[in-house]
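Here are the chains, one letter per residue:
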Amino acid sequence: MRFFLKRIVPAILWLCCFHVSAQHKDDVFSIGIFWPPVWKHTTDEQYRILSETHVDIVQNVSSTDLNTPEKNFRMLDLAQKYGMKVYVSDPRVTGSEEEIRAMVDTYRNHPATGGYYIRDEPDSAMLDWAIKTYRLIGQLDPARNPHVNLFPDFALENYEKGYVERWIEGVGKENLRYLSFDIYPYKRNGRFEKSYYNNLDIIRRAGLKYHVKTANYLQSFGIVDIYRRPTVDEMRLNVYSNLAYGIKNPVWFCYATPTGQGSQVFMNSVIDSLGQKTNLYEPFKAFNAEMKTLGKTLIRLDANEVYHSGDSLWMGTQLPPADFVVRPQDPTSKVILTRFKDRYDGKTYVMLVNKSFQEPAQFAFRVSAEVKKIQQIPASDGKPKKVPFDKKARLLTETFLPGEGKLYLLKTRH
């Protein structure tokens, strides 16, 4: 018995810990940028500034001026110095299998290589090529991410089945690192993209169905006559609505301001065309810090149910059921309500988001009798804290900034 206790029990405990560690090894919440500093701004100073914003991945793309090995390696060296990774972009990705192999061999041994850009928004006709290329690069360098980003739903017919699911099944859910797409909510003249939430829900459902992590692009740009430049409050709603729909890899488009894009004239983004910080830099940095803090918890959570309250609903949204675990006392309150489940320990969380990107709000939420304790997971430090929950009245009352979301751990009776 003494031998068993001294030898066997520690070994069992080690194996259990190893299993849990292995189970969590890929559970990393990463933040990216799409459109890095251009070549003339690919400098130590610019990457130092970028590194202070909690960004993990710098995505190079075919439309930048950074598509040679020399320029990719400069990016890689700077990213390594400041603790980031790069998705390299090299025109050989569209070539023969031999050219793709040569491309991968060029970058695979650099410590900062995080992945390989393949294509942004392939249409249906290009999808089979993108699938084949994704699978090949995944086989050549299993430690890095091939990268393809999909269109939103209004670009194609039969979107969910004939495009999104065709992509997942073609690549193979076991091979797909992220299901990535883009949808930008803030159109010109104050308009809000009507299919924004519908797109988020399509990708949420696909991610759950196939057990793959999801990625989406956040709007930090404006394009003259197409998109407006977002306010800080609009950025906040963009952030928290994505988190509420289970996005595990938010990527900002864009960080540096693109120039020379033909008829598309970009307004200043986080960094302007001269390499200077704009008024979006500090909120960009702050929102990333919040996402990284909450991401330590959110990376384990599945967004199994998402509802919207209010007196009018957007495309692809639905009201919470009458017995939902946390619901607004006033049904006209404009709120996103998500029930998450921790895929490892089964715990229940909810995220509540103020859907207004213009007004702060105080909401009272009626809490189901099955809930015996509520703790907030703050975006400041991630340490669970008490909330103003009136157990007798079963009411949780909280104040939200415009677009703000809050994450809560619910301890239930069963």
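Here the structure is shown first, and the text comes after it.
Residues numbered from 1 in each chain as written. Predicted model: local features only at pLDDT ≥ 70, side-chain atom pairs only at ≥ 80, totals over all residues. Heavy atoms only, no water.

1. Section: the side chain of Asn216
Stage number 1. Mapped onto the fold, Asn216 is located in strand E7 (residues 214–219).
Stage number 2. Separated by 2.7 Å, the side chains of Asn216 and Asn242 make a polar contact.
Stage number 3. The contacts of Asn216, once residues within four sequence positions are left out, are Phe181, Asp182, Ile183, Leu200, Asn242, Ile247, Asn249, Pro250 and Val251. (Helix = DSSP H or I, 4+ residues; strand = E, 2+ residues; numbered from the N terminus. Polar contact = N/O pair within 3.5 Å; in protein donor to acceptor, adjacent residues only side chain to side chain. Contact = heavy atoms within 4.5 Å.)

2. Some details on the environment of Leu76
Stage number 1. With respect to the helices, strands and loops of the structure, Leu76 is situated in helix H3 (residues 69–81).
Stage number 2. With 133 residues separating them along the chain, Leu76 and Lys209 place their C-alpha atoms 35 Å apart.
Stage number 3. Beyond its immediate stretch of four places on either side in the chain, Leu76 contacts Val86, Val88, Tyr107, His110, Ala112 and Thr113.

3. As for the pairing of strand E4 (residues 113–120)
Stage number 1. For E4, the buried fraction is high: six of the eight residues fall into the buried class.
Stage number 2. Two elements, strand E3 (residues 85–88) and E4, share three bridges in a ladder whose sense is parallel. Considered in E4, the bridge of Val88 is made with Tyr116.
Stage number 3. Across five bridges, the pairing between E4 and strand E5 (residues 145–150) is parallel. Following the sheet pairing, Gly115 is matched in E5 by Asn145.
Stage number 4. With respect to chirality, the unit in which E4 leads through helix H5 (residues 127–140) into the neighbouring parallel E5 is right-handed. (Buried < 20%, exposed > 50% of the residue type's maximum accessible area, 1.4 Å probe, protein only. Pairing = 2+ DSSP bridges. Right-handed = clockwise from strand over helix to strand, strands pointing away.)

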